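# Summary of the model geometry
Below are the chains, spelled out letter by letter.
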Amino acid sequence: MEVFNKLKSAVSNVLPGNPLSRDYDLIGQVASCGPGLLWKIYAAVKRSTKEEASVFVFEKKSADHISRSDRETLIDLLRGGVQQLTKLRHPQILAVIHPIEESRESLAFATEPVFASLSNVLGKLSNISSVPRDLQEFQLHDMEIRHGILQLAEGLRFLHNDAKLLHGNINPEAVVLTRQGTWKLAGFEFCLHSTDPQVSDPMFLWREWRGDIIHLLQPHLDFLAPEYVLTQHCGAPSDMFSLGLLIYAVFAKGMTFLQCNGQLSSYKKNAEKLRHMTANQLGEVPEGLREHVKLLLNMEPAVRPDAAQLSKVPYFEELGCVTLRYLDTLFQRENIEKSNFFKGLPKVVAKLPKRVNLHRILPPLVKESFNADMVPFLLPTMLLMAQQASQLEYQQHILPALIPLFKLQSPVQVVLIFMQNMGLLLSKTPKSDIQTHVLPMIFRALEADSPQIQELCLSIIPTFAELVEYPTLKNSLIPRIKKLCLATSTLTVRVNSLLCIGQLLDYMDRWYVMDEILPFLSTIPSREPAVLMSILGIHKVSLEDSKLGITKDALASKILPFLIPLSVDSNLNLTQFNAFMAVIRDMLGKVEGEHRSKLEQLDQMKQEQRSVEITRVSGQDCDGSGDTAPHHNKPPSMMDKFLSGVGLSTLMGSQKSGLVDVKSNGTSFSSQTSGISMSVNQQGATSPVVSTPIAPKKTTLSLEEKLKLAQQQEQQQRLKSQSSLNPTPASTTSIKNKVAGGPRDLTSTLMESNLSAMQSLAGLSQVLVVLPL
């Protein structure tokens, strides 16, 4: 294996480019760090696992401005620092996930995802080709600074007490911030090992800082403890001195307390001032921390507090800082302790910027969400973050954490919390994810075995119904509620199903209600009062909602025949019966009013359309004096009175006037179809009588019909104007003369003419048409 590694290293040294490019896909540069910010940091994704990572690359050409020997020394320093970093494992030390590899052009190694170096955050952006927008707008929150200092102190305590190692170069260039906001130590190029790791108070070999060596090959002079230069020894307090100078630089926006510019003489001069330094000279440092920073910068190493003592300063007991410290040790806590902590977490989150919440607080919550018992306590905080986040931030950070939780059916509080915040979820979740993850959660709740979950779901669905697309509501949600209503054996679930449907009526159209909802109500098997009143409520809403508006035909033919039997159900009390009757009366009133209005409109239309009125005179029997006499003297029956009251008396009159009476020797002939009656008197003379129609009727006639009618009227007038002729019996002599061709008898000729006219009149009566209504 060792031979293989040597061969691999030899091959890498002759290959150009980034040696990690075969294992990682580099997305883009995000930061820089290390001595002189020589390491370029790239966001990357590991090809085999698709995990996010950061790839550190040192391009050898960036050191071309120094001598060859110094360049080789620099490469050895960088290589050694990474190798030392790879050996260390601690939450406050940057984790290496791929060891350093070297090619002809560069050095490279991979770590956990990194946001930037502390130097970048403080405004030093050298060796970054294109500064990301997030880094340009980045501002450290006070709580982040407090917690970051604590994290560095914890990292140093591990180095000094456990690893027996002196960092030797604590400065912003050697500190990196991860994606989650954690401050971690890196940059071990100048670390020093203990001469005797077994002793409790380790000793370290002193390394002289020389002015004749380029600053890239030595620790950062602005953050170096004075003993490196003045007393020629160093130890754990030296790192604490450097930490004090770093704290000052963080609050001073990157300005250093000892501004030496790489000049050893300037450093010695400024270091002497430290002996007479007052707390006022640290004005940028918050008052609660100022005295302790002054102690860290004391010239005597023994006076400086160690890492454990610094962690106990009251300044770090602020609520937000304590919260972050607790989250760092979350995996060590018991469930009861965790639940109490998570209950109060929303109050802390509400006071923090959303960047801190998303990158610092959310990740521990996501890890803890694998513990199903803790999910009801985690969800309120996660959903509060979702409310603070933008649409993009929600989709990138929060939604991936919520998707696994959508599938949980227990504890029941999980479903309840999601239902209560369904408006938030539907407003920020993309439509594709709503269809894939959110709606299936609702459907699973409706189909759950627990009536408690079903009732919770039914009670909350109406609160977010306006955010559900109508096709989904119509084709997926309502059918499941109907199915649940019919299948359940729990009365409260059935009643809640009906109440839910009633509240969802506002989001349905008329035809869906008429075709799917109202017919469904008649299929419900139970007749408990609560069910009956819920059914009545749906009908009442459907009746009164102007958008739905049940038609009078549906009321008369379907709904009233269904409700009236329900109203007399023996399970209803007096109040419930009165409610039924009130709705039924409203429905009857709607039927009556709408149908009366319709009939009135039709009658008015008939009146307006009447342009031609045909009048006919009803047939009359006349005595010798010409007086009219009724056919029947029988008084009207009860049926006649009823028909007369409803406007059908004319129908009875038309039936009587339509009779055809045939009398011999003086009987009158009446024609119903023609409207003209021919009366024959005792002498056998006939006279046409024009009858009056039973009910005047009018319509619009065509031109041909009008001409034909005018011709018929003229013919009737001519017949009226002719005088009656009494035929006399023809003598036998006249007939014989006619047959024999003798002289013609004028009297016989006239009688024949009258008989022909009477036959024509009878034919005319068959063609006259009385126009219908």
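Residues numbered from 1 in each chain as written. Predicted model: local features only at pLDDT ≥ 70, side-chain atom pairs only at ≥ 80, totals over all residues. Heavy atoms only, no water.

## Regarding the overall build of the chain
The condition that has to hold: Runs of E in the DSSP output that reach at least two residues are strands. Runs of H or I that reach at least four are helices, and both are numbered from the N terminus. The classification of residues rests on relative accessible area computed with a 1.4 Å probe and restricted to protein chains. Under 20% of the type maximum is buried, over 50% is exposed, and intermediate values are partly exposed. Calculation of accessible area relied on Shrake-Rupley with a 1.4 Å probe; when residues are assessed, cover is drawn exclusively from the protein chains displayed.
Along the backbone of the chain there are 29 helices and 14 strands. Across the 773 residues in the chain, those meeting the buried criterion constitute 44%. Total accessible area on the chain stands at roughly 40,200 Å², and carbon and sulfur atoms take up 54% of it.

## Here we look at the sheet that holds strand E6 (residues 114-117)
Operational definition: For two strands to be treated as a pair, DSSP must find no fewer than two bridges joining them. Here the axes come from fitting lines to C-alpha atoms, over the contacting stretch only for helices, and the angles between their N-to-C directions go from 0 to 180 degrees.
Taken together, three strands build an open sheet; the order of strands is E6-E8-E9 and the sheet is antiparallel. Lying at the two open borders of the sheet, with one neighbouring strand each, are E6 and strand E9 (183-185). Neighbour to neighbour, the strand axes of the sheet diverge by 35° on average, direction disregarded. Across three bridges, strand E8 (residues 175-178) lies against E9 in antiparallel orientation. Among the inter-strand pairings, Val 175 is bridged to a residue of E9, identified as Leu 185.

## Focus: the confidence of the model for the chain
A low pLDDT means the predicted coordinates there should not be read in detail. Spelled out, the test is: As a per-residue measure, pLDDT reflects the predictor's confidence and takes values from 0 up to 100. Throughout, a residue-residue contact means that at least one pair of heavy atoms, one from each residue, lies within 4.5 Å.
Per-residue pLDDT for the chain has a mean of 80; in total, 79% of the residues score no lower than 70. Scored below 50 in pLDDT, residues 728-742 shows eight contacts in the model against residues more than four places distant or in partner chains. Segment residues 764-773 is flagged for pLDDT under 50; beyond a separation of four residues in sequence, or across chains, it makes 23 contacts in the model.

## Topic: a nonpolar patch on the surface
The following threshold applies: A patch consists of residues exposed above 30% relative accessible area that lack any salt bridge, with like charges linked at up to 9 Å and nonpolar side chains (Val, Leu, Ile, Met, Phe, Trp, Tyr) linked at up to 5 Å. A side-chain nitrogen of Lys or Arg and a carboxyl oxygen of Asp or Glu constitute a salt bridge if their distance falls within 4 Å.
Residues Val 568, Leu 574 and Phe 577 make up a contiguous nonpolar surface patch of roughly 300 Å² in combined accessible area. For Leu 574, the location among the structural elements is in helix H24 (residues 574-609).

## Topic: the nonpolar core
Condition: In this description, a nonpolar core means a group of buried Ala, Val, Leu, Ile, Met, Phe, Trp, Tyr and Cys residues linked to one another through side-chain atoms lying within 4.5 Å.
Formed by 102 residues in total, the largest nonpolar core has its most connected members in Leu 402, Ile 461 and Ile 481. At eight residues, helix H17 (residues 431-446) tops the list of elements feeding residues into this core. Excluding residues within four positions of it along the chain, Leu 402 makes contact with Leu 379, Met 382, Leu 383, Tyr 394, Phe 418 and Leu 425. Grouped together as the second largest cluster of nonpolar side chains are 96 residues, Leu 88, Cys 234, Cys 260 and Ala 271 included.

## So, the sheet that holds strand E4 (residues 96-102)
Ordered by their spatial adjacency, five strands build an open sheet running E1-E2-E3-E5-E4, and the pairing between neighbours is antiparallel. Taken across any chain shown, the strands that pair with only one partner, and hence form the sheet edges, are strand E1 (24-33) and E4. Averaged over neighbouring strand pairs, the angle between their axes works out to 25° when direction is ignored. By the bridge criterion, eight bridges tie E1 to strand E2 (residues 39-46) in an arrangement that is antiparallel. When the sheet's bridge partners are listed, Ser 32 is paired in E2 with Lys 40.

## Overview of helix H14 (residues 391-402)
What counts, and what does not: An arc is given here, and it is the one of the directions from the helix axis to the C-beta atoms.
Within the sequence span of H14, burial applies to Tyr 394, Ile 398, Leu 399, Ala 401 and Leu 402. Angularly, the buried residues of H14 cover 145° about the axis, an arc narrow enough to put them on a single face. Where the residues of H14 are buried, they touch helix H12 (354-368), helix H13 (375-388), helix H15 (412-420), helix H16 (422-428) and H17.

## Quick word on helix H2 (residues 68-87)
Note the following rule: For a helix, the expected span equals 1.5 Å multiplied by the number of residues minus one.
The end-to-end C-alpha separation of H2 is 29 Å, in line with the 28 Å expected for 20 residues at 1.5 Å each. Regarding H2, the residues found buried are Arg 71, Leu 74, Ile 75, Leu 77, Leu 78, Gly 81, Val 82, Gln 84 and Leu 85.

## Points about the environment of Gly 423
Relative to the elements of secondary structure, Gly 423 occurs in helix H16. The exposure class of Gly 423 is partly exposed, given its relative accessible area of 28%. When the C-alpha atoms of Gly 423 and Ile 461 are compared, they prove to be 9.9 Å apart, with 38 residues separating the residues in sequence. Excluding its chain neighbours within four sequence positions, the residues that come into contact with Gly 423 are Phe 464 and Leu 467.

## A few points about unusual backbone geometry
Glycine aside, residues mostly have negative phi angles, and peptide bonds mostly take the trans form. For the bond from Ser 410 to Pro 411, the omega torsion is 0°, close enough to zero to count as cis. Relative to the elements of secondary structure, Pro 411 occurs in the loop between H14 and H15. At Asn 127, a residue that is not glycine, the phi angle is positive and equals roughly 65°. If you trace the backbone, Asn 127 turns up in the loop between helix H3 (118-121) and helix H4 (133-136). Within the chain, Lys 253 stands out as a residue other than glycine whose phi angle is a positive 60°. Tracing the chain through its elements places Lys 253 in the loop between helix H6 (236-251) and helix H7 (264-273).

## Topic: the pattern of salt bridges
Applying the stated criterion to the full structure yields 25 salt bridges. Arg 333 serves as the salt-bridge partner of Glu 337, at 3.2 Å between the closest nitrogen and oxygen. Under the relative-accessibility criterion, Glu 337 is labelled partly exposed at 36%. One network of salt bridges, with partners in common, ties together Lys 60, Asp 76, Arg 79 and Glu 102.

## Digging into the side chain of Thr 488
Under the convention used in this document: A 3.5 Å cut-off defines polar contacts: any pair of N or O atoms within that distance qualifies, except that in protein one atom must be a possible hydrogen donor and the other a possible acceptor, and neighbouring residues in sequence count only when both atoms are side-chain atoms.
With respect to the helices, strands and loops of the structure, Thr 488 is situated in the loop between helix H19 (470-487) and helix H20 (491-504). Judged by its relative accessible area of 11%, Thr 488 falls in the buried class. At 3.1 Å, the side chain of Thr 488 and the backbone nitrogen of Thr 490 are in polar contact. The contacts of Thr 488, once residues within four sequence positions are left out, are Val 493 and Arg 494.

## With respect to the packing of helix H22 (residues 529-544) against H24
The criterion, for reference: Orientation is classified from the angle alone, with under 35 degrees giving roughly parallel, over 145 giving roughly antiparallel, 65 to 115 giving roughly perpendicular, and any other angle giving oblique. Each crossing gets its hand from how the near helix is turned against the far one by less than a right angle, where anticlockwise is left-handed and clockwise is right-handed. Each residue is assigned to one of three groups, with Ala, Val, Leu, Ile, Met, Phe, Trp, Tyr, Cys and Pro labelled nonpolar, Asp, Glu, Lys and Arg labelled charged, and all others, Gly among them, labelled polar.
With their axes 11 Å apart at the nearest point, H22 and H24 run at an angle of 25° to one another. Between H22 and H24, the crossing angle belongs to the class labelled roughly parallel. Helix-helix and strand crossings are classified by hand; for H22 and H24 the assignment is left-handed. Here Pro 529, Leu 532, Met 533, Leu 536, His 539, Lys 540 and Leu 543 of H22 come into contact with H24, specifically with Gln 576, Ala 579, Phe 580, Val 583, Asp 586, Met 587 and Lys 590. Of the residues belonging to the contact of H22 with H24, the class tally is nine nonpolar, two polar and three charged.

## Considering the environment of Leu 289
By secondary structure assignment, the location of Leu 289 is in helix H8 (residues 287-296). For Leu 289 and Val 313, which are 24 residues apart along the polypeptide, the C-alpha to C-alpha distance reads 7.9 Å. Excluding anything up to four places from it in sequence, Leu 289 contacts Ile 149, Ile 247, Phe 251, Val 313, Tyr 315 and Phe 316.

## Regarding the side chain of Glu 102
With respect to the helices and strands, the residue Glu 102 is situated in strand E4. Polar side-chain contacts of Glu 102 include one of 2.7 Å to the side chain of Lys 60. In this structure the side chain of Glu 102 is engaged in a polar contact, spanning 2.9 Å, whose partner is the side chain of Arg 79.

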